[in-house]
There are 2 protein chains.
Amino acid sequence: MSTKESALSIFALGGINEIGKNMYVVQYKDDIVVIDCGGKFPDETLLGIDLIIPDITYLEENRDKIRGMIVTHGHEDHIGGIPHILKKLNMPIYATHFTLGLIELKLEEHRLLRDTELTTIDAGTTLELGSIQASFFKVSHSIPDCLGIVFKTPEGNVVHTGDFKFDLTPHNNEYADIHRMAEIGKEGVLLLISESTNAERKGLSPSEKMVASHMDEAFLRAPGKIIVSTFASNVSRVQQVVDAAKKTNRRLALLGRSMVNVVSVAMERGYLNIPDWMLVEARDVEQLPPEKVAILCTGSQGEPNAALARLSTGNYRDVSLYPDDTVIFAASPIPGNERDVSKIIDNLYQLGTQVIYGSGSSTGMHVSGHGYQEDLKFMLTLMKPTYFIPIHGEYRMLHHHGLLAESVGVKRDNIFIIKNGHVVDVKDLVARQTRSIPSGDIFVDGMGTGDVGSIMLRDRKLLSEEGMLVIVVTLSKTERGIISGPDTITRGFTFDQNSDQLIRQVNKLVTKTVMELQDENVRKWNVMKQNIKRSAGQFIFSQTRRKPMILPIIIEI
Amino acid sequence: MSTKESALSIFALGGINEIGKNMYVVQYKDDIVVIDCGGKFPDETLLGIDLIIPDITYLEENRDKIRGMIVTHGHEDHIGGIPHILKKLNMPIYATHFTLGLIELKLEEHRLLRDTELTTIDAGTTLELGSIQASFFKVSHSIPDCLGIVFKTPEGNVVHTGDFKFDLTPHNNEYADIHRMAEIGKEGVLLLISESTNAERKGLSPSEKMVASHMDEAFLRAPGKIIVSTFASNVSRVQQVVDAAKKTNRRLALLGRSMVNVVSVAMERGYLNIPDWMLVEARDVEQLPPEKVAILCTGSQGEPNAALARLSTGNYRDVSLYPDDTVIFAASPIPGNERDVSKIIDNLYQLGTQVIYGSGSSTGMHVSGHGYQEDLKFMLTLMKPTYFIPIHGEYRMLHHHGLLAESVGVKRDNIFIIKNGHVVDVKDLVARQTRSIPSGDIFVDGMGTGDVGSIMLRDRKLLSEEGMLVIVVTLSKTERGIISGPDTITRGFTFDQNSDQLIRQVNKLVTKTVMELQDENVRKWNVMKQNIKRSAGQFIFSQTRRKPMILPIIIEI
C-alpha cells in the first residue's frame with residue numbers, strides 16, 4: 001500500500017454481511033493494528049465444515065507491518081479464529097484479563113500458549129503501536145470486561161465500539177463509561193466503526209438486571225430440580241443463577257465442558273462469586289433432595305451433543321430429569337437454531353418437566369447483549385463522527401444502522417456500507433472507498449485449514465442428495481473386449497424395489513457403450529469415462545428422475 | 001380389528017408430534033372414514049428427500065372397509081399426500097368446491113383425475129358413510145371453504161375441527177358458523193379432535209381484516225412498483241392485494257407457477273374477484289409506469305427457486321426491481337426458513353428497494369390462520385366434549401392444548417396426548433388408549449415412493465460431511481500378488497495440500513494389507529474388504545481426523 005494513495009485505511013476481513021468471523025484492521029502508513037479474529041459456524045449448505053475463519057492473505061503479505069491484535073471481548077465470533085491464524089501468522093495479542101483467560105484456553109488446546117505474546121490491558125491502558133496510539137473505554141455487553149477502542153492517528157481519531165449496549169443497571173458492575181465516551185466525542189471522532197446486530201430492533205435494549213427477579217421467582221416456585229441453560233460466557237447471567245440458588249439454598253452442578261471451563265476462568269479471575277458450599281459434582285446430584293439442586297448447563301441453542309440435549313432424552317449418565325423438575329432456557333435461539341431448540345423442548349415435555357422458554361425477552365429469562373436502535377443512536381450521538389462505517393451484521397442490519405446514523409445527523413455521503421475487503425482510505429480528512437484487498441471464507445475441516453473449494457462442496461451436496469454409482473470395468477491394454485465387469489456399486493442412491501433390475505440395465509448399457517467405443521478405436525480413458533457417465537446418467541434419469549454422481553473407473557491390465 | 005375390543009376407534013396416521021402430513025381416521029366397526037392426507041416437507045437431515053407422506057399400511061390391510069376420505073381444506077399439509085396414496089389405494093374423496101379445485105390440480109399432474117371419484121360437499125351436506133354419518137360446519141382459516149366435521153356414530157358423536165380460528169371480521173365472508181357449533185355442543189360431543197398449531201400463543205388470533213388498512217397504506221405510499229409475496233392459497237390475502245391495487249389504479253402481474261394456478265382456480269370457482277382491466281402479463285410489466293404496477297409472487301418462505309428469490313438477485317427474466325420499488329412479505333417465516341428469508345431481504349436491500357418484513361403480525365401485513373389459546377378455549381367451550389384429543393402440532397403444542405382443555409373443564413384423565421398410530425377406542429362411552437397400529441414416514445424421492453431407509457440416509461449424511469474414497473484393487477483368481485492398483489479416487493474428501501501424498505500412503509497401506517492377507521491365504525473378498533476399510537480408515541483418521549466413507553472394490557480376473 002503506497003502512501004501516495006492514502007495514509008489511513010480501515011477495512012474488514014470478516015464480520016460484514018454476516019454474523020460471525022469479525023476481524024477489522026486499522027492501518028496508518030506502515031503500521032497495522034488488527035481488531036479481533038472470530039470464527040463463524042457454517043450453515044447446513046457447508047457440508048462437513050467445522051468452522052469458518054477470515055482470509056488473512058493481506059496480513060500475511062504485510063506481516064512486517066503488523067503491530068499486534070487488540071481483542072475487544074471473548075465471544076467466539078471475536079476470538080474463535082485466533083488459534084488458526086496464529087499458526088500462519090504470529091502476532092502480539094492485547095486483551096482484558098477475562099478475555100485473555102478465554103483466549104488462553106484456546107491457545108492451550110492448540111499448543112500455542114508458549115509461543116504467543118499476550119498482554120493484559122484494561123480501560124486505563126494506552127498502547128503505542130507504531131504511529132497508532134490505542135486507548136480504551138468500557139462498554140456493557142453479555143460477557144465481562146468488554147472494551148471499545150480509540151485509535152489516535154496523525155490523520156485523526158478512529159473509534160471502534162466493540163459489541164455493546166447501554167445498560168444503566170448492569171449486573172456485576174459492568175457499566176459502560178459514558179463520561180469517557182463523551183470526552184472522546186468532544187475531542188473529535190473522524191470515523192466511527194460501530195456494531196449493527198440489533199439495528200432492526202426498535203427501542204432501547206432491556207437491562208440484564210431484569211433477569212434477576214424472574215430467575216428468583218422461578219427458583220422459589222420450582223418444586224424439584226431447576227436446570228438453567230445459557231451461554232457459559234454470559235457470566236452475569238451465571239451469577240444471577242448462583243444468586244437465585246443461594247437464596248433458595250440450592251447446590252449447583254455444572255454440566256458441559258464449556259460451562260465448566262468458562263466458569264473456572266471466571267472464578268479464578270474474580271468475575272464470578274460462587275459460595276464454597278454451593279458447587280457439587282454432577283455424579284452426586286441424585287443423592288440430594290431435588291428441591292436443593294440447581295444445574296447450569298450448555299446446550300441452549302439445541303446443540304445435539306450438548307448437556308441439555310442429552311438430559312432431554314434421558315441420556316445424561318449422572319443426572320435424570322423428573323416431572324417435578326423445571327428447565328429454563330436463559331438464552332434466545334439464534335436464527336437457524338429454532339428447530340433444534342424446539343425438539344429439545346418437546347423432549348422435555350415428554351419427560352413431564354416444566355419448561356420455561358420463548359424467544360427474545362418474552363420470558364424475562366434472557367435479554368440481548370446488543371444495543372437496539374436507541375442504543376445505537378446514543379453511541380452515534382456521543383461520538384459525533386464525521387464518517388461512519390456500520391459493521392458486525394448482515395446487510396439489512398448495516399442498512400438500518402446507516403439510516404439511524406443519518407437520522408442523528410451524519411451526512412449520507414459520509415456513511416460507508418462496505419463489504420469485507422473494501423478499504424476506506426482517509427487522506428486530508430476526506431474518506432473514500434475505491435479499492436479492495438483479498439478477503440473471504442477459510443474453512444476449518446478436521447485438523448486441516450484451507451479452501452475446501454466449491455467443487456468439493458458441490459460433490460458433497462450431490463452425494464448427499466442423490467447418492468452415487470461407482471461403475472468399474474476392466475479392460476485389456478492390448479486387446480478389445482471387457483475382461484471383467486462392468487460392476488456397479490451404489491451408495492446413498494434411491495431405494496426402489498426395481499433397483500436390482502435397474503443396475504443390471506446400467507451394466508448392459510455400459511457394456512454397449514464400451515464396445516461401441518472400442519469399435520471406433522477410441523482408446524482414451526477420459527473419453528470412455530465421459531461416454532459411460534453420459535449414457536448411464538441419461539438412462540438413470542429417464543427411469544428414476546434422479547441424477548446421482550456417476551464415477552466410472554476403468555482398470556487397465 | 002375385532003368388534004370385541006371396540007366399536008369406535010379414532011387414530012392419527014400423521015400430524016401428531018409434527019407440523020405436516022395430517023391424516024386422521026374414524027372407524028366404527030367395519031366402516032372407516034379417512035380425514036385428510038397431507039404431505040410434510042423434509043428438514044435438512046433428510047438429504048435429497050422431496051416429500052414425506054403417511055404410512056397407510058393399516059388402510060391397505062383394511063381396504064374393503066374404507067368408505068372414503070373427507071378433506072377439511074386445501075393446504076399442502078392436508079392434501080399433499082393424496083396423489084401418492086391414491087396410487088396404492090383408491091377411495092372416494094369428499095371436499096368443498098375450492099378444496100376440490102386444488103386437489104384436481106394435483107390429480108391432473110399425476111394423471112389420476114379420471115380414475116378418482118370426487119364429490120363436492122358444503123356445510124349443508126350430510127354423508128352416509130356406512131354406519132357413520134358425517135355432517136359439517138364452516139370454520140375460518142387462511143384458505144377459503146374450510147370445514148369442521150361431525151361424525152355421528154352409534155357410540156356417540158365425534159367432532160374434528162379442521163384448521164381454524166375465530167375471525168369475527170373475516171375477509172371474503174369466510175365466517176365460522178358459531179351457531180351451528182353451539183348446536184353441536186348442545187347435542188353432545190363424546191370426543192373432540194382439535195388442532196393445536198398456536199396452543200403456545202396467548203390471547204385471540206388477530207383478524208384477517210387488519211391486513212387491509214396496512215396494505216392500502218403501503219400501496220398509497222409506494223413511489224414505484226409494489227411486490228407482495230404471500231401464499232397463493234391465502235385467497236383472502238390475495239383479494240386484499242387486488243383491492244389495494246384497485247384503489248391505487250395499479251395493474252397486477254402474477255409471478256410463480258403456484259400463484260398463477262391457484263389464482264386461476266380461485267377465480268374460476270368464484271372465490272376471488274379481479275377486475276378485467278387489472279391483470280397483466282409479467283413480460284409487459286416493464287412497459288408500464290412503475291407506480292401503476294403491483295406484483296403478487298410466490299417465495300415468501302425464501303424458497304431459492306421461487307419468483308421472489310429470483311427477483312431479489314436480478315435473475316427474473318421479465319421483471320427487474322429498482323430503488324423506488326417496495327417489497328412486502330405478507331407471510332411470516334415458518335420455523336426453519338428464517339435464514340433463507342433473511343438472505344432474500346439482504347439481497348433486496350442491496351438492490352436498493354424498500355422492504356416491509358417482520359415476524360408474526362408485527363408489520364400488519366400478516367395474521368396467522370390458526371387460533372390462539374383463547375380461540376382454542378372457545379372451541380372447547382362450545383363443544384363441551386367428554387373426551388379430547390389435541391392434534392396437528394408438535395408435542396409442546398399438544399401439551400399446552402391439553403392444559404387449555406383442563407382449564408375449561410375437561411377432566412384430566414379424559415385428555416389423550418397420543419402419538420401417530422396410537423388408537424383411542426371407545427366402548428360403552430369409555431375411551432381408552434391401549435393399542436397401536438402401524439404408522440410412520442414414507443419418503444417420496446424423485447418418482448419413487450418408499451422407505452428410503454436409515455442406511456441410505458446414513459450413507460448420504462456420511463458422504464455429505466466426510467466425502468468418500470473408492471479404493472480399487474485387481475487380483476487374480478488363481479495367483480497371489482496384485483494385478484493392478486490399488487487406485488484410490490476421492491470425492492468430497494477434505495482438501496489439503498498434502499492430499500496427493502496421503503493417497504500414495506493409503507495405496508501403500510492397502511498393498512501391504514492385501515499382501516498380508518494373501519500370505520495368510522485369506523481368499524474371502526469380504527474379509528479383505530473389511531481389512532482394507534479398517535486399516536485405511538484408521539490411517540486416514542490419524543492423519544486428518546476425518547472419517548470418510550471407504551468403498552473398497554476388488555476386481556477378480
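Since this is a predicted model, take the numbers as computed values, not measurements. (Residues numbered from 1 in each chain as written. Chains lettered and ligands numbered in written order. Predicted model: local features only at pLDDT ≥ 70, side-chain atom pairs only at ≥ 80, totals over all residues. Heavy atoms only, no water.)

S.K.: Kindly report on the packing of helix H11 (residues 373-383) of chain B against helix H12 (residues 395-407) of chain B, identifying the contributing residues and their values.
M.R.: Residue and element names in this part refer to chain B. As a packed pair, H11 and H12 sit with axes 9 Å apart at the nearest point and diverge in direction by 50°. If you check the angle between H11 and H12, you find them oblique. Every pair of crossing elements has a handedness; the one defined by H11 and H12 is right-handed. The segment H11 lies against H12, with Gln-373, Leu-376, Lys-377 and Leu-380 engaging His-401, Leu-404, Ala-405 and Ser-407. Residues that form the contact of H11 with H12 fall into these classes: four nonpolar, three polar and one charged. (Axes fitted to C-alpha atoms, helices over the stretch in contact; angles between N-to-C directions. Helix = DSSP H or I, 4+ residues; strand = E, 2+ residues; numbered from the N terminus. Parallel < 35°, antiparallel > 145°, perpendicular 65-115°, else oblique. Left-handed = near helix turned anticlockwise from the far one by under 90°. Contact = heavy atoms within 4.5 Å. Nonpolar A, V, L, I, M, F, W, Y, C, P; charged D, E, K, R; others polar.)

S.K.: Before we move on, can you summarise the environment of Glu394(A) with the specific residues and values?
M.R.: Residues and elements named next belong to chain A. Mapped onto the secondary structure, Glu-394 falls in the loop between strand S18 (387-391) and helix H12 (395-407). Measuring from C-alpha to C-alpha, the distance between Glu-394 and Thr-197 comes to 7.9 Å, with 197 residues separating the pair along the chain. In terms of polar contacts, Glu-394 uses its side chain to reach the side chain of Arg-396, at 2.7 Å. (Polar contact = N/O pair within 3.5 Å; in protein donor to acceptor, adjacent residues only side chain to side chain.)

S.K.: How would you sum up the confidence of the model for chain A? Please name residues and give values.
M.R.: Averaged over every residue, the pLDDT of chain A is 90; residues scoring 70 or more account for 95%. Here the predicted complex carries an ipTM of 0.77, next to a pTM of 0.80. (pLDDT = per-residue confidence, 0-100.)

S.K.: Hey, could you go over the packing of helix H6 (residues 210-221) of chain B against helix H7 (residues 235-247) of chain B for me, with residue numbers and the actual values?
M.R.: Residue and element names in this part refer to chain B. It is the contact of H6 with H7, at a shortest axis distance of 9 Å, that shows an interaxial angle of 40°. On the basis of the axis angle, H6 is oblique to H7. The hand of the H6/H7 crossing is right-handed. The segment H6 lies against H7, with Val-211, Ala-212, Met-215, Asp-216 and Phe-219 engaging Arg-237, Gln-240, Val-241, Ala-244, Ala-245 and Lys-247. Partitioning the contact of H6 with H7 into residue classes produces seven nonpolar, one polar and three charged.

S.K.: Which residues make up the pattern of salt bridges, and what are the values?
M.R.: Side chains that differ in sign of charge can pair as their charged atoms come close. What the rule picks out here adds up to 42 salt bridges over all chains. A salt bridge links Asp325(A) to Lys225(A); its shortest N-O distance comes to 2.9 Å. You can see Asp325(A) sitting in the loop between helix H9 (307-312) and strand S16 (326-329) and its partner Lys225(A) sitting in the loop between helix H6 (210-221) and strand S13 (226-229), a full 100 residues away along the chain. Among the salt bridges present, the one from Arg180(B) reaches Glu183(B), with a minimum N-O distance of 3.7 Å. With Arg180(B) and Glu183(B) both in helix H5 (residues 178-187) and three residues apart, the pair spans about one turn of that helix. Of the residues examined, Arg180(B) reaches a relative accessible area of 21% and is grouped as partly exposed. Ionic contacts of the salt-bridge type, sharing partners, join the residues Glu18(A), Lys21(A), Lys40(A) and Asp441(A) into one network. (Salt bridge = Lys/Arg side-chain N within 4 Å of Asp/Glu carboxyl O. Buried < 20%, exposed > 50% of the residue type's maximum accessible area, 1.4 Å probe, protein only.)

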